[in-house]
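Summary of the model geometry
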Amino acid sequence: MRSEMTQGADPAAAEELAGRLWSWSSRWHPGELAWLWRATGPGAAGWRTATWRAGGRTVAWARSTAPGRLDLQADTGHDGLVSAVLDWFEDGAAGHDLAVTVLDRESSLLEVLLSRGYSPDDDAPSFLHLRRRLAAASPPAPLPPGYVLRAVAGVQDGDARAGLHRAAFATPEPTAATYQAVMAHPSYRAALDRFVVAPDGTPAAAALGWLDERSGVLALEPVGTHPRFRRRGLARACVLAVLGAAVELGATHARVCARDGAADPAPRATYEAVGFRPYARNVRLVRPAR
Ligand SMILES: CC(C)(COP(=O)(O)OP(=O)(O)OC[C@H]1O[C@@H](n2cnc3c(N)ncnc32)[C@H](O)[C@@H]1OP(=O)(O)O)[C@@H](O)C(=O)NCCC(=O)NCCS
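Source: prediction; values computed, not measured. (Residues numbered from 1 in each chain as written. Predicted model: local features only at pLDDT ≥ 70, side-chain atom pairs only at ≥ 80, totals over all residues. Heavy atoms only, no water.)

Let's talk about empty space enclosed by the protein
One pass over the structure, following the stated rule, counts one cavity of 30 Å³ or more. Approximately 40 Å³ is the volume attributed to the largest cavity. Arg161, Leu164, His165, Phe169, Ala206, Pro222, Val223 and Gly224 are the residues that line the largest cavity. Within the residue set of the lining of the largest cavity, elements represented by two or more residues are α5 (158-169) and β11 (217-225). Broken down by element, the lining of the largest cavity gets its largest block of residues, four residues, from α5. Residue composition of the lining of the largest cavity, by class: five nonpolar, two polar and one charged. (1 Å grid on protein atoms, 1.4 Å probe; cavity = no way out; pocket = protein on both sides within 12 Å on 5 of 7 lines; lining within 4 Å. Points joined across faces, edges and corners; volume = space filled by probe spheres on them. Helix = DSSP H or I, 4+ residues; strand = E, 2+ residues; numbered from the N terminus. Nonpolar A, V, L, I, M, F, W, Y, C, P; charged D, E, K, R; others polar.)

This is the structure we're talking about:
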């Protein structure tokens with residue numbers, strides 16, 4: 001079936017596609033896309049994006065957050081679709097070195113990329129996908145004295161959550177308004193948005209989960225602790241609280257992504273400390289400018 005491309009993103013359609021194609025061989029979980037698209041704030045307007053539709057539904061999307069860089073999802077059951085996405089990407093990146101990131105389990109995508117002259121970049125930062133089963137609610141983790149763990153109660157908490165994220169990740173986004181846009185997403189559940197307040201009132205750590213009801217898989221995105229409050233068990237407490245709430249909502253598995261490597265052992269170690277284990281990793285394929 002022929003697909004039609006339109007320039008521009010359709011985040012809701014991309015999330016629907018991610019939900020429809022979800023498996024442990026997918027790079028994208030719909031909740032993670034919900035976060036990525038909204039939490040970037042106005043910066044997302046600068047991405048080069050396109051959407052492919054066939055038979056009345058979205059079958060692929062692509063985004064280039066910087067010239068020569070590509071993220072994509074495509075229903076590989078459609079002949080020629082991956083090539084169409086790569087044609088669009090390469091046409092818009094003339095003169096640039098090219099880099100495309102995929103999951104190591106996305107074998108059809110990898111095959112097409114290799115056939116077009118891309119090769120794995122062994123120097124790319126390592127980025128793991130980890131998962132765990134959620135058979136039963138975990139017991140809550142203890143907190144240091146005076147720290148309080150809460151669920152987000154409403155938009156009034158948007159400011160605290162946004163500020164905490166900026167402090168944990170040292171990024172200018174999300175602003176309070178951006179975080180409120182995240183909270184307005186139909187899949188956002190305040191019960192899956194937990195944060196810890198320090199004795200002096202500073203929001204100290206948080207974890208947000210996104211439950212894909214179709215698969216029963218919860219994606220954690222994001223998890224962060226304010227630099228002043230690390231190694232006190234706060235991320236562990238937030239994550240376990242979100243996992244416990246997710247079990248009550250019907251989740252059977254959880255999945256999270258984390259940088260890996262000696263330079264920053266904290267994310268992987270944090271998730272492994274609460275039972276996650278690696279099952280896949282991102283690979284970056286590169287092709288020099290022609
Ligand atoms: C990753 C992060 C959330 C951890 O937060 P935290 O509150 O310091 O983590 P916790 O204190 O709950 O740690 C729980 C366990 O994880 C492991 N861990 C956490 N940080 C670690 C580190 N730097 N080195 C080794 N192990 C670590 C330990 O096993 C720890 O238990 P222990 O202290 O009893 O040994 C925090 O470092 C952070 O916000 N980093 C920047 C944002 C980020 O990278 N987020 C993850 C996105 S993928």
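So, the pattern of salt bridges
This structure, assessed with the given rule, holds 18 salt bridges. Of the charged contacts, one joins glutamate 15 and arginine 38 as a salt bridge, the two residues approaching to 3.2 Å between their closest N and O atoms. With glutamate 15 in helix α1 (residues 11-21) and arginine 38 in helix α2 (residues 30-39), the pair connects residues that are 23 residues apart, well separated along the chain. Owing to a relative accessible area of 10%, glutamate 15 belongs among the buried residues under this scheme. One salt bridge connects glutamate 16 with arginine 20, and the closest N-O pair in it is separated by 3.5 Å. Here arginine 20 and glutamate 16 lie together in helix α1, a separation of four residues that amounts to about one turn. Salt bridges sharing common partners tie together Glu16, Arg20, Asp75 and Arg214. (Salt bridge = Lys/Arg side-chain N within 4 Å of Asp/Glu carboxyl O. Buried < 20%, exposed > 50% of the residue type's maximum accessible area, 1.4 Å probe, protein only.)

Here's the deal with the packing of aromatic side chains
Any two aromatic rings considered together are summarised by their centre-to-centre distance and by the angle between their planes. Summed over all chains, the structure comprises ten aromatic pairs. Ring geometry for tryptophan 35 versus tyrosine 179: centroids 6.1 Å apart, planes at 65 degrees, classification edge-to-face. Residue tryptophan 35 is found in helix α2, and its partner tyrosine 179 is found in helix α6 (residues 176-183); the two are separated by 144 residues along the sequence. Overall, tryptophan 35 belongs to the buried group, its relative accessible area being 5%. The class for tyrosine 179 is buried, based on a relative accessible area of 0%. Ring centres of tryptophan 52 and tryptophan 88 lie 5.8 Å apart, and the angle between their planes is 90 degrees; this geometry places the pair in the edge-to-face category. One end of the pair, tryptophan 52, is in strand β2 (residues 48-54); the other, tryptophan 88, is in helix α3 (residues 81-91), with 36 residues separating them in the sequence. Each member of the pair, tryptophan 52 together with tryptophan 88, is buried. Positioned above the aromatic ring of tryptophan 47 is the side chain of arginine 63, whose terminal nitrogen or guanidinium carbon lies 4.7 Å from the ring centre. (Phe/Tyr/Trp six-rings, centres within 6.5 Å; stacked < 30°, edge-to-face > 60°. Lys NZ or Arg CZ within 6 Å of the ring centre and 35° of its normal.)

Brief notes about the side chain of histidine 29
Relative to the assigned elements, histidine 29 resides in the loop between α1 and α2. Take histidine 29: its relative accessible area is 0%, and that puts it in the buried class. At a separation of 2.9 Å, a polar atom in the side chain of histidine 29 contacts the main-chain amide nitrogen of glycine 31. Dropping the residues within four chain positions of it, histidine 29 is found in contact with Ala18, Trp22, Trp210, Asp212, Val217, Leu218, Ala219 and Arg255. (Polar contact = N/O pair within 3.5 Å; in protein donor to acceptor, adjacent residues only side chain to side chain. Contact = heavy atoms within 4.5 Å.)

Remarks on the site of the ligand
Taken together, 21 residues lie near the ligand, and Val223, Thr225, Arg231, Gly233 and Arg259 sit nearest. At 3.1 Å, a backbone N or O of alanine 235 approaches an oxygen atom of the ligand. Look at the ligand: alone it shows 920 Å² of surface, and the protein chains cover 78% of it. At the level of secondary structure, the elements contributing two or more residues to the shell around the ligand comprise α5, β11, α7 (234-248), β12 (253-260) and α8 (266-273). (Near = heavy atom within 4 Å. Areas by Shrake-Rupley, 256 points an atom, 1.4 Å probe, with all protein chains shown as cover.)

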